[in-house]
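Each chain is listed here by its residues.
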Amino acid sequence: MKKNDNNKNDKTKKILVGLIVILAIIVLSTILLAVYIKGNDEKDEKELAYTELIKEISNKNVEEIEMTVGSTTVKVKLKNQEEEKTTIVPSTEAFMELIQKKTEDGNEFKLNQKPRSVISQIATTFISLLPTFIMVALFIMIFKMQGLGEKGKVYEDTERKTKIKFDDVAGLDEEKEELIEIVDFLKKPEKFTKMGAKIPKGVLLYGKPGTGKTLIAKAIAGEANVPFISMSGSEFVEMFVGLGASRVRKLFDKARKLAPCIVFIDEIDAIGSRRTSSTGAESENNQTLNQLLVEMDGFSSEETIIVLAATNRPEMLDNALLRPGRFDRQVTIPIPDIKGRLEILKIHAKDKKLSDNINLESIAEDTAGFTGAELSNILNEAAIIATINKHDEIENDDIEEAVKKVTVGLEKKARVISDKDKKLTAYHEAGHAVVSRYLPTQSNIKEVSIIPRGVAGGYTMYKTDEDKYYISKTEMQEKLIALLGGRAAEQLVLNDISTGASNDIEVATKIARDMVTKYGMSDILGPIDFQGKEPYEMQLFGENIGDKIGLEVKSLIDIAYEGAKQLLIEHRDKLDTIALTLLEKEKINEAEFNKIFE
Ligand code: ADP
Ligand code: MG
Ligand code: ZN
């Protein structure tokens, strides 16, 4: 399917390039012609000013005047002169009148009227038609794009049914069980309608990116052996104004012809987000969303079109989408637990050459919080790294490196770093590490490094814990302290702070805000969900509720920052030891780290 996608993209590109070339040729040739004509008209030797010409006529000094229809340039032959001169007249009509008057007054000269030259005739026509050409070209372009959209995107997967089956989706057993019903609907709709059951129209798949939503949607189509028509919400938004709604209509027209089938709308939040104020892009979205609602309400349950939609931001969705008869079923696709991770790794290890001593279980243990996409990515990166390292098979260290590459980015050994920056990074990372060490709820340190990776100047890696379902308030508070440990160390040791802590601050702020507005962990505000509320809903909680939330978030952060500083002051010797070791060795592993604290 990927290949096919590329082909279609290539086609669009080719047509676009073609149109641009045609336009360029039209414009260029026009310019050339215009220059040619001008040159032709003006290459005459001498100019005679208009007033001079009139004088000469009055003085009966003119022998011959040559005019070209449609041109203000006239050629004048004066008596007693060999050379012809040219004069630009302000207006041919006025000039003709003038000449007529002069001849009536008894001035005699030959008037030679030439028809327009062929080239100039062509050119003039051409120039006057140019806007039309451009318009037509533009129309064709828009038309093609729209047309290609239909063929290239919407109809993309229709001829080929997907071969993906439920067996290709690892873990997610309960979700599959829930969705197998949909497969039944698609296979034998009569069975259900005979019983008087209404077939569901829409199923929303909630889940973080990479958890396998697209994969499971394709597997449903594959199991039911029906066509899979897909579109992504963000594509609707990128399009020309007004086209979103028409694309939706066409998508469903096609679906009706192919029924039974699956329509998959990825990133539905891009079109289905809450309708708030209606300005610009939003009202465009509204049209698209309204069209989607109309289509979903429109098809009867006998048509057996099932719309699957995916999003990672369910709180953004417009309530209208969730009403009965629309997306009234919702399935959450979770991040895999350890068992799920192992199964995903097994599926993706099938086509990889793994060394015998690789233990997928231990990888699964070490990758809590990873999505299916990340796990599959790790194995792929490991295969690449093994190839580069000229290993015969994928070894354990290839996988370890791949995990780091996927989580923190590629190691950038070549980057030159000033000693000052190195010191800053060393203290920053040492700050995280020391603080975490003294926080009971925080995970153990696996590795601290000041070798830059990806965008990070250094990193502190923790050992991943067993999968947790709940996180306590104490744990979150201590997490905040650990996150701010880097910044606190910079402040404490260098008496200055840097931009290096921006990601820590971003994460910490999000945690603190969630604690207050989502998990009800603020004593002052209590267990109330404040997230994703409209302004008028917020007002129900009292005036200035936003201020109170802000103050609570800030106080959580302030307390954590103070806590981090206190810990670092208390254990300043360890902070210095670790920072100096980092400056010397660039990396500290788990054993070396623990030794410092013995
Ligand atoms: P989403 O649509 O939720 O963002 P995708 O379905 O596109 O995620 O998943 C991306 C890739 O990750 C899949 O193509 C597959 O290779 C892998 N993957 C994700 N989840 C699973 C899973 N449960 N089993 C097997 N592979 C998975
Ligand atoms: Mg997807
Ligand atoms: Zn940091």
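Everything here concerns the structure above.
From a predicted model like this one, the values you see are computed outputs, not experimental measurements.

Peer 1: Run through a nonpolar patch on the surface, naming residues and quoting values.
Peer 2: Judged by side-chain polarity, V17, V21 and I25 come together as a nonpolar surface patch covering roughly 260 Å² of accessible area. By the secondary structure assignment, V17 is in helix 1 (residues 2-42).

Peer 1: I'd like a description of the packing of aromatic side chains, backed by residues and values.
Peer 2: Given two aromatic rings, their pairing is described by the distance between the two centres and the angle made by the two planes. By the definition in use, this model includes six aromatic pairs. Here F228 and F264 contribute two aromatic rings whose centre-to-centre distance is 5.6 Å and whose plane-to-plane angle is 25°, an arrangement assigned as stacked. Taken together, the residues span a long stretch of sequence, with F228 in strand 7 (residues 228-232) and F264 in strand 8 (residues 261-266) at a distance of 36 residues. Residue F228 is classed as buried on the basis of its relative accessible area of 1%. For the pair Y438 and F597, a centre-to-centre distance of 5.8 Å together with 70° between the ring planes defines the contact as edge-to-face. Within this pair, whereas Y438 is found in the loop between helix 16 (419-437) and strand 11 (445-449), its partner F597 is found in the segment after helix 22 (590-596), the two being separated by 159 residues in sequence. Its relative accessible area of 29% is what places Y438 among the partly exposed residues. Aromatic rings pair up to connect Y438, F593 and F597 into one cluster.

Peer 1: Summarise the coordination of the zinc ion (ligand 3); cite the residues concerned and give the values.
Peer 2: Note on the zinc ion (ligand 3): its protein donors are H428 (NE2), H432 (NE2) and D504 (OD). The metal-donor distances range over 2.0 to 2.1 Å. The sequence motif formed by the donor residues of the zinc ion (ligand 3) is H-x3-H-x71-D. Taken together, the residues H428 and H432, both in helix 16 and four residues apart, mark about one turn of the helix. There is no split in this pair, since H428 and H432 are both buried.

Peer 1: Any chance you could break down helix 20 (residues 545-570) for me, citing the residues and the numbers?
Peer 2: Compared with the 38 Å implied by 1.5 Å per residue over 26 residues, the 38 Å span of helix 20 between its first and last C-alpha is a close match. Those residues of helix 20 that fall on the buried side of the exposure criterion are I545, I549, E552, V553, L556, I557, A560, Y561, A564, L567 and L568. Close packing links the buried residues of helix 20 with helix 16, helix 17 (473-494), helix 18 (502-517), helix 19 (535-539) and helix 21 (572-585).

Peer 1: Could you give an account of the nonpolar core, naming the residues involved and the relevant values?
Peer 2: Grouped together as the largest cluster of nonpolar side chains are 45 residues, with contacts concentrated most on L480, I549, L575, I578 and F593. Ranked by residue count, the leading element in this core is helix 20, at 10 residues. In contact with F593, not counting residues within four places along its chain, are A433, R437, I445, V448, I578 and I588. With 27 residues, the next largest nonpolar core counts V203, F228, L308 and I333 among its residues.

About the thresholds
Residues numbered from 1 in each chain as written. Chains lettered and ligands numbered in written order. Predicted model: local features only at pLDDT ≥ 70, side-chain atom pairs only at ≥ 80, totals over all residues. Heavy atoms only, no water. Patch = residues over 30% accessible without salt bridge, like charges linked within 9 Å, V, L, I, M, F, W, Y side chains within 5 Å. Areas by Shrake-Rupley, 256 points an atom, 1.4 Å probe, with all protein chains shown as cover. Salt bridge = Lys/Arg side-chain N within 4 Å of Asp/Glu carboxyl O. Helix = DSSP H or I, 4+ residues; strand = E, 2+ residues; numbered from the N terminus. Phe/Tyr/Trp six-rings, centres within 6.5 Å; stacked < 30°, edge-to-face > 60°. Buried < 20%, exposed > 50% of the residue type's maximum accessible area, 1.4 Å probe, protein only. Donors = N, O, S within 2.8 Å, 3.2 Å for Na, K, Ca; no water. Expected span 1.5 Å × (residues − 1). Contact = heavy atoms within 4.5 Å. Core = buried A, V, L, I, M, F, W, Y, C linked by side-chain atoms within 4.5 Å.

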